[in-house]
Amino acid sequence: MIILPGRVIPGWWREDGHLLGVADVEEVVAAGPACLVVGTGASGLMEVPPETLRLLEGHGILVVVEPTADAVATYNRLRGDGRTAACLHLTC
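Okay, so let's go over this structure. Quantities reported herein were computed from a predicted structural model and do not represent experimental measurements. (Residues numbered from 1 in each chain as written. Predicted model: local features only at pLDDT ≥ 70, side-chain atom pairs only at ≥ 80, totals over all residues. Heavy atoms only, no water.)

1. As for the pairing of strand 4 (residues 62–66)
As judged from the five bridges shared by strand 3 (residues 35–39) and strand 4, these two strands associate in the parallel manner. Within strand 4, the position partnered with V38 by the bridge is V65. A crossover connection joins strand 3 to the parallel strand 4 through helix 2 (residues 50–58); in handedness this β-α-β unit is right-handed. (Pairing = 2+ DSSP bridges. Helix = DSSP H or I, 4+ residues; strand = E, 2+ residues; numbered from the N terminus. Right-handed = clockwise from strand over helix to strand, strands pointing away.)

2. Describing the nonpolar core
The biggest cluster of nonpolar side chains holds 17 residues, and the ones touching the most others in it are I2, L20, V28, L36, V38 and L56. Contacts of L56, omitting those with residues within four sequence positions, involve V25, V28, V29, L36, I61 and V63. (Core = buried A, V, L, I, M, F, W, Y, C linked by side-chain atoms within 4.5 Å. Buried < 20%, exposed > 50% of the residue type's maximum accessible area, 1.4 Å probe, protein only. Contact = heavy atoms within 4.5 Å.)

Next up, the structure:
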């Protein structure tokens, strides 16, 4: 699931299930949040490769990567600013 300021993208699937690739965050980059909270699954299996981090950070987006339960708590704490987004791996 992707949560952007003002909308939710349900049913989000990545090109590679346990990898957050550059193509997977195109809508996030287009939305231009100040912060992206990435939930890597209950077991933390989803990886965020360096090229994806570089792309996001190159657009001025602060990236927080945590297991999904922690990421949800972080997102809920930060979302009040209206400039925080989340990409949450929910299936494992």
